[in-house]
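Read off the chains here:
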Amino acid sequence: MDARERIFKYHGLGNDFVVLDRRRTGVDIDAEQSRWLCDRRRGIGADGVLALLPSSRGLARMVVHNADGSIAEMCGNGLRCAVKYLVDHSGQHPAVIDVETGAGVLTCEPGYGDGGVVGVDISMGPARLVAANLPSGATGEPFVNAPVPGHEDLRGTAVNMGNPHLVLLDQPLEAAERLGPTLERHPAFPDRTNVEFVRVDEDGLTVVVWERGCGLTQACGTGACASAVAAVLAKRLPSNAWLRVTLPGGDLRIRVPADLSDIRLRGPVASVFEGVVALPRAR
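Residues numbered from 1 in each chain as written. Predicted model: local features only at pLDDT ≥ 70, side-chain atom pairs only at ≥ 80, totals over all residues. Heavy atoms only, no water.

As recorded in an unreviewed UniProt entry, the protein goes by the name Diaminopimelate epimerase, listed as coming from Corallococcus macrosporus. Recorded under Catalytic activity (unreviewed entry), the UniProt text for the protein is reproduced unchanged: "(2S,6S)-2,6-diaminopimelate = meso-2,6-diaminopimelate". Turning to the protein, the UniProt record has this under Sequence similarities (unreviewed entry): "Belongs to the diaminopimelate epimerase family." (UniProt positions renumbered as here; feature names shortened; annotations may be inferred.)

> Explanation requested: the UniProt feature "binding site: substrate" (unreviewed entry) in the protein in the structure shown.
As annotated in UniProt, the feature "binding site: substrate" (unreviewed entry) corresponds to Asn15, Asn66, Gly76, Asn77, Asn163, Asn194, Glu211, Arg212, Gly221 and Thr222 in the numbering used here. Of the residues annotated just before, the largest cavity has Asn66, Asn163, Asn194, Glu211, Arg212 and Thr222 among its lining. Mapped onto the fold, Asn66 is located in strand S4 (residues 61-66). By relative accessible area, which is 3% here, Asn66 ends up buried. In this structure, Asn66 is in contact with Ser34, Asp47, Gly48, Ile71, Ala72, Arg212, Gly213 and Cys214, ignoring residues within four places of it in sequence. Relative to the helices and strands, Arg212 is located in the loop between strand S13 (204-211) and strand S14 (215-216). Those residues in contact with Arg212 that sit more than four places away from it in its chain are Asn66, Ile71, Ala72, Glu73, Asn163, Pro164, Glu184, Asp191, Arg192, Thr193 and Asn194. (1 Å grid on protein atoms, 1.4 Å probe; cavity = no way out; pocket = protein on both sides within 12 Å on 5 of 7 lines; lining within 4 Å. Helix = DSSP H or I, 4+ residues; strand = E, 2+ residues; numbered from the N terminus. Buried < 20%, exposed > 50% of the residue type's maximum accessible area, 1.4 Å probe, protein only. Contact = heavy atoms within 4.5 Å.)

> How should I be thinking about the pairing of strand S7 (residues 104-113) in this particular structure?
Consecutive side chains of a regular strand alternate in pointing toward one face of the sheet and then the other. Sheet analysis places strand S6 (residues 97-101) next to S7, joined by five bridges and oriented antiparallel. The residue of S7 that forms the bridge with Thr101 is Gly104. The turn joining S6 and S7, which pair antiparallel and follow one another in sequence, is formed by two residues. Two elements, S7 and strand S8 (residues 116-123), share six bridges in a ladder whose sense is antiparallel. The partner of Cys108 across the bridge, within S8, is Ile122. Here S7 folds back onto S8 in antiparallel fashion, the turn holding two residues, of which Gly115 has a positive phi close to 90°. (Pairing = 2+ DSSP bridges.)

> How should I be thinking about the UniProt feature "active site" (unreviewed entry) in the protein in this particular structure?
When the UniProt feature table is mapped onto this chain numbering, "active site" (unreviewed entry) sits at Cys75 and Cys220. Spatial clustering of the annotated residues is evident: they stretch over 146 residues in sequence, but the largest pairwise C-alpha distance comes to 7.4 Å. Residues that both appear in the annotated list above and line the largest cavity are Cys75 and Cys220. For Cys75, the position within the fold is in the loop between strand S5 (71-72) and helix H2 (76-88). Residues within four places of Cys75 in sequence aside, it is in contact with Asn15, Phe17, Met62, Val64 and Thr222. Along the chain, the position of Cys220 falls in the loop between S14 and helix H4 (221-233). If we ignore the near neighbours within four places in the chain, the residues touching Cys220 are Asn15, Asn77, His165, Val209, Glu211, Leu247 and Leu252.

> For this particular structure, what's the right way to read the layout of surface pockets?
Any space left empty among the atoms is revealed by the rolling of a water-sized probe across them. Size it by volume and the largest pocket reaches roughly 190 Å³. As for the largest pocket, its lining consists of Val144, Asn145, Arg155, Gly156, Thr157, Val167, Leu169, Asp170, Ala230, Leu233, Ala234 and Arg236. If you list the elements that add at least two residues to the lining of the largest pocket, you get strand S10 (151-160), strand S11 (164-169) and H4. With three residues, S10 is the single largest residue contributor to the lining of the largest pocket. Residues belonging to the lining of the largest pocket are distributed by class as follows: six nonpolar, three polar and three charged. (Points joined across faces, edges and corners; volume = space filled by probe spheres on them. Nonpolar A, V, L, I, M, F, W, Y, C, P; charged D, E, K, R; others polar.)

> Hey, could you run me through the packing of aromatic side chains in this one?
Two numbers describe a pair of aromatic rings. These are the distance of the centres and the angle of the planes. This structure, assessed with the given rule, holds two aromatic pairs. Taking the centre distance of 6.4 Å and the plane angle of 90° together, the rings of Tyr10 and Tyr85 count as edge-to-face. In this pair, Tyr10 sits in strand S1 (residues 3-12) while Tyr85 sits in helix H2, placing the two residues 75 residues apart along the sequence. Overall, the relative accessible area of 3% leaves Tyr10 in the buried class. One aromatic cluster is present, built from ring pairs that chain together Phe8, Tyr10 and Tyr85. Directly above the aromatic system of Trp242 lies the positively charged group of Arg266, at a separation of 3.8 Å from the ring centroid. (Phe/Tyr/Trp six-rings, centres within 6.5 Å; stacked < 30°, edge-to-face > 60°. Lys NZ or Arg CZ within 6 Å of the ring centre and 35° of its normal.)

Right, here's the structure in full:
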């Protein structure tokens, strides 16, 4: 018999998630359960599942399950959803909370309005240009504005925001659907990669993201951060300023310090519904 469980649906700029509070049991879901929950015809429908587990380092530990059953190290839109759930169900209004993620413990500042938390400002930690899940240049230097092997007509920047990204500045946004699936699985990225197609505007960026394990999404928080980092490195936009990053689902604000030490993300979040599902048992 399938187990009945309460689920909560949230979205950040249309990037939608099912939240499962497993802090009492400490038991995560498996890949099959994640795929079922994310199925938009046979399940609930979502880009991912956020399993909240016990943590000795924060209010909860967030595990991000992609729609294909894989696990992402980090998700900026998902973290805002997790923060809204945790605060709205705590009965309190903290100014700051810490959440443990695959990218470390991240400090989050909820923004309040009618209905509880309406936005979250997140300290996303450093942007890394050298990491085990990123490619490097021919002599081992960071992969910054470099030709993409096998796609010499493309120049990209590899950024780790807790998860891997390949940022392509000045690429047609409509190319995401055509090139995204191939670039996601580029052999230079051992854990696959998210891919950002970016148009640099005078006052910010317009970005379409091919998200690893999900495909085209309405928004991607870490992708917005990686895109802003690439634009700052290319001296196309200033550091230490709140930059507009427009995604299909709406706008985020990103601040990139000159030393890349702590990228800040600010954006909205909303609840959609809650209910009870007959969740297939873990295998």
